[in-house]
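What the coordinates show
Next come the chains, spelled out residue by residue.
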Amino acid sequence: MSHDQLPTERPAVVTCGLPYANGNLHVGHLRTYVDGDLFSRALKRAGQNTAFVCGSDMHGTPVAVNAAKEGVDPKEFALRHHEQYIERFEQFNIAFDNYGHTHDETNTELTQSFVESWIENDHIHEKEIEVAWDAEEEQPLPDRYVEGTCPYCGEHARGDECDDGCQRHLEPGEIENPVSTVTGNPAEYRKQPHKFLKLADFQSYLQGFLNRLEGTDNARNQPREWIEGELEDLCITRDMDWGIDYPGESEEDLVLYVWVDAPIEYVSSTKQYSERVGTDTYDWEQVWKIGGESQHGTEWNDEWTDKSGEIIHIIGRDIIQHHCVFWPAMLRGAGYNEPRGVLATGFVGIDGKALSTSRNRAIWAEEYLDAGFHPDLFRYYIATGSDLENDIDFSWDRFAERVNGELVGNLGNFCYRALLFAQRNYGGTPDAETSEEITAEIENALEQFREALREYDIRAIGNIAVELAAVGNEYIQRNEPWNLVDDQPEKAAQVIRDCVQLSKACAILMQPVMPGKAEALWTSLGETGAVVETTLGDALETPPTEFAEPTELFSKVESEHVESLNEELRERVEAAEQDSTAGEGEDSEADSTDVDLEPLEEERISFEEFQGVDMRVGEILDAEPIEGADKLLKLDVDLGVETRQVVAGLRELHEVDSLPGTRVIVLANMEKAELFGHESNGMVLAAGEEADLLTTHEDAPLGTRVK
RNA sequence: AGCGGGAUGGGAUAGCCAGGAGAUUCCGGCGGGCUCAUAACCCGCAGACCGGUGGUUCAAAUCCACCUCCCGCUACCA
């Protein structure tokens, strides 16, 4: 059963993934918020009663761990970031109707009521599991309080996810060889009772849900494989202080898992909005519940579709599972409505490469603003730069090119020349009727807008005003009103009237993507109200007969400015790469590429033990790639006494052809291994991620022992 | 190798889900026009066998199969 087309008569809520209160925002984060803001504004222009809500995600172990490092209270720590986000969003014209945080009273209460509802409906059970425990400190070690080895792929992993390796979500107790991230103590496992949400109860529901779900394909397809298989119970409690208490019984130090209270903030934030504006204006229960009330059951009833409001989530594609598996199950378990659409955006790259906060290959929100650009320029670039689910590349060159060509040359120029001409010759909108041709063009643009909205095509929505301005430029050029004013004053007046009307339409159509600039244009038109109050139909209303001389809407990005920004970025990336310990601390991303230096080994070894290590000077005679492996090379190394075959992961880090003749140090008595079917008899020593090869500085003969 | 995304004129992209006009737009190149406008704007030209091979079809950039290459994340870095 499919939904009514957007816009509907019912209220809608648009949400963005909660920013985690533990770092700074960069252009990658901003993409989600810009897209969400644009979409919610577009819905409003189309006449849908819409709340755009979000909030800061305050809980979880990273906040607790980082606050502890700073020696501050986690609440204080998280609130500091929360305040900063509020400011940042304002600066980028991202206008949430309500922005709360997960630690506030509304969310605490609502989260507990969700959990109580799950308990009542028998979706919760208790199980004793082994959790990591720091014996010395007598404290439990949930999630990121431990690191260890992933049980699935053997890689180094965090307690809650295998971020280095297979990316799996890890349940408490799964990680092997756990070590406390706080004290460095090896952790032991201890049995603790924990609460679990029985996801399997919702298996069949979730399959139906994905079939009904609108939005981007990735949101629908990516979780499918998951849902087809056996769904495991989700552990929803953690042994720590920081978080929302598990309701009811006085479970000692048991709080809810951060991914429980985080999405519920969508509901809480909507509720806060509702309470502020009054339920006559916006009733959160009409959106989140079913026909205003809870409807329990583990299956969806088709009659419920279109009985409530429209829930649309805009997220980054890294959190699809949480929104398309856990979250709908949580909602269903509490008898709530389900999301209508999930839009999962792609990532943002910089100059053709992936963004990496640890290497400081990033453009921070603050940095963009410091460069002095209007936020709407960034919004336009990022919203129309590519299809929503595809990645976007950000480069200052491309930014300048698009701003100068599309915004300055086209949209800005058209509106400016039209209004200036109108003002100088008529003091405002000339007294003439809009032509049929132009009325049709505007109507066509409005229809494109509505269609883009129905299809969640954010890029198309962002492009419409610029496209309409292109129509205007062509129209004014073709009619040459500057040649008509003297000979054919009536014709001239009509042409200019058309152009002013087009400008007005542009102001309304560009509002979702460039709200600040739209408002400026609206003011230039002499309009008294605010463009945020308009709906699409107003695009055809007569503009004011008088307005003042307009100002230029956009100004050019100068090439010197671009060069200096490029230079700045380049220098910074280089600096970060050279000095990999710098730039840390600011890094907040759940980014796994940190190149922290490992602490020196505490444990000492004896000289005898060292004697067991047989390292020799060698020379690479031959290097060839191993088929099927991207990084592995098969090397023949001359160790003086014999030539060994060694497999090493150098392929992407060194020019293969340049390796023969290179003197290296080889650990000769390394146990043999077989990799991709090739025997490796020894190990070539190299330093760090970039595999900086060890060598000798003089000419010790091949085979000389290193000691 | 696993997952995801991609391959369309010199560069960047749209179209693909719902197959059918001269394949879109932006940047760049060339030629012209206009002078109201931020050296902006408009018109025209050159330039693409829509990654390859096969299939389905009256008809394929679009659907199906296989293949190649690229990018991101991840892995193999004994």
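First things first, this report covers the structure right here in the doc. (Residues numbered from 1 in each chain as written. Chains lettered and ligands numbered in written order. Predicted model: local features only at pLDDT ≥ 70, side-chain atom pairs only at ≥ 80, totals over all residues. Heavy atoms only, no water.)

**Looking at the packing of helix 1 (residues 27-45) against helix 12 (residues 375-384)**
To characterise two packed helices, one gives the angle between the axes of the helices and the distance between these axes. This is how it is decided: Interaxial angles span 0 to 180 degrees and are taken between N-to-C directions of axes, which are lines fitted to C-alpha atoms, for helices over the stretch in contact. Only DSSP runs of H or I covering at least 4 residues are called helices, and only runs of E covering at least 2 are called strands; the numbering of each starts at the N terminus. Note on terminology: angles under 35 degrees are roughly parallel, angles over 145 are roughly antiparallel, angles of 65 to 115 are roughly perpendicular, and the others are oblique. Every residue pair with non-hydrogen atoms within 4.5 Å of one another is taken to be in contact. Following the grouping adopted for this structure description, the nonpolar residues are Ala, Val, Leu, Ile, Met, Phe, Trp, Tyr, Cys and Pro, the charged ones are Asp, Glu, Lys and Arg, and the polar ones are all others, Gly among them.
The contact between helix 1 and helix 12 brings their axes to 9 Å, and the two run at 90°. As summarised for this structure, helix 1 and helix 12 are arranged roughly perpendicular, according to the angle between their axes. Touching V27, L30, R31, V34, D35, D37, L38 and R41 of helix 1 are F378, R379, I382 and A383, all from helix 12. Grouping the constituent residues of the contact of helix 1 with helix 12 by class yields 7 nonpolar, no polar and 5 charged.

**Let's talk about helix 14 (residues 436-454)**
This is how it is decided: Given a helix with a known number of residues, its expected span is that number minus one, times 1.5 Å. When a residue's accessible area, from a 1.4 Å probe over protein chains only, is under 20% of the maximum for its type it is buried; when over 50% it is exposed; and in between it is partly exposed. As used here, the arc belongs to the directions running from the helix axis to the C-beta atoms.
In a regular helix each residue adds 1.5 Å, so 19 residues correspond to 27 Å; helix 14 covers 27 Å between its end C-alpha atoms and thus fits that length. Taken together, the buried positions of helix 14 are I438, I442, A445, L446, F449, A452 and L453. An end-on view of helix 14 places all buried positions within 125° of arc, on one side of the element.

**Looking at the packing of aromatic side chains**
Aromatic rings in a pair are described by how distant their centres are and how their planes are angled relative to each other. Selection criterion: Stacked, tilted and edge-to-face are the three classes applied to pairs of Phe, Tyr and Trp rings, where Trp contributes its six-membered ring and a pair requires centres within 6.5 Å; stacked means planes under 30 degrees apart, edge-to-face means over 60, and tilted covers the rest. Geometrically, a lysine NZ or arginine CZ counts as sitting over a ring once it is within 6 Å of the ring centre and also within 35 degrees of the ring normal.
This structure, assessed with the given rule, holds 30 aromatic pairs. Their ring planes at 45° and their centres at 6.4 Å tell us that Y205 and W300 sit as a pair that is tilted. With Y205 in helix 5 (residues 203-212) and W300 in the loop between helix 9 (284-288) and strand 14 (310-316), this pair connects stretches of sequence that are 95 residues apart. Each member of the pair, Y205 as well as W300, is classed as buried. Just above the ring of Y257 sits the side chain of R238; from NZ or CZ to the centre is 4.0 Å. Directly above the aromatic system of Y205 lies the positively charged group of R332, at a separation of 6.0 Å from the ring centroid.

**A closer look at the sheet that holds strand 2 (residues 50-56)**
Heads up, the condition is: Two strands qualify as a pair provided DSSP detects at least 2 bridges between them.
Read across the open sheet, the 6 strands follow the order 3-2-1-14-15-10; overall the sheet is parallel. The two strands at the open ends of the sheet, each matched to only one other strand, are strand 3 (98-101) and strand 10 (214-215). As paired elements, strand 10 and strand 15 (residues 341-345) share 2 bridges and run parallel to each other. Counterpart to G215 in the pairing with strand 15 is V342. Contacts between helix 10 (residues 320-333) and the sheet are confined to strand 14 and strand 15, with strand 14 contributing the most and set at about 145° to the helix.

**Details of a negative patch on the surface**
Stated formally: Patches here are clusters of residues that have more than 30% relative accessible area and form no salt bridge, with a 9 Å joining cutoff for like charges and a 5 Å cutoff for nonpolar side chains (Val, Leu, Ile, Met, Phe, Trp, Tyr). Only the protein chains shown count as cover for residues, and all accessible areas are computed by the Shrake-Rupley method using a 1.4 Å probe. Just to be clear on terms, a salt bridge is a Lys or Arg side-chain nitrogen sitting within 4 Å of an Asp or Glu carboxyl oxygen. In this tally Asp and Glu are treated as negative and Lys and Arg as positive; neither His nor the chain ends contributes. Note on charges: their place is set at NZ of Lys, CZ of Arg, CG of Asp or CD of Glu.
A cluster of like negative charges, contributed by D351, D393, D397, E558, E560 and E563, occupies part of the molecular surface. If you trace the backbone, E560 turns up in helix 19 (residues 559-578).

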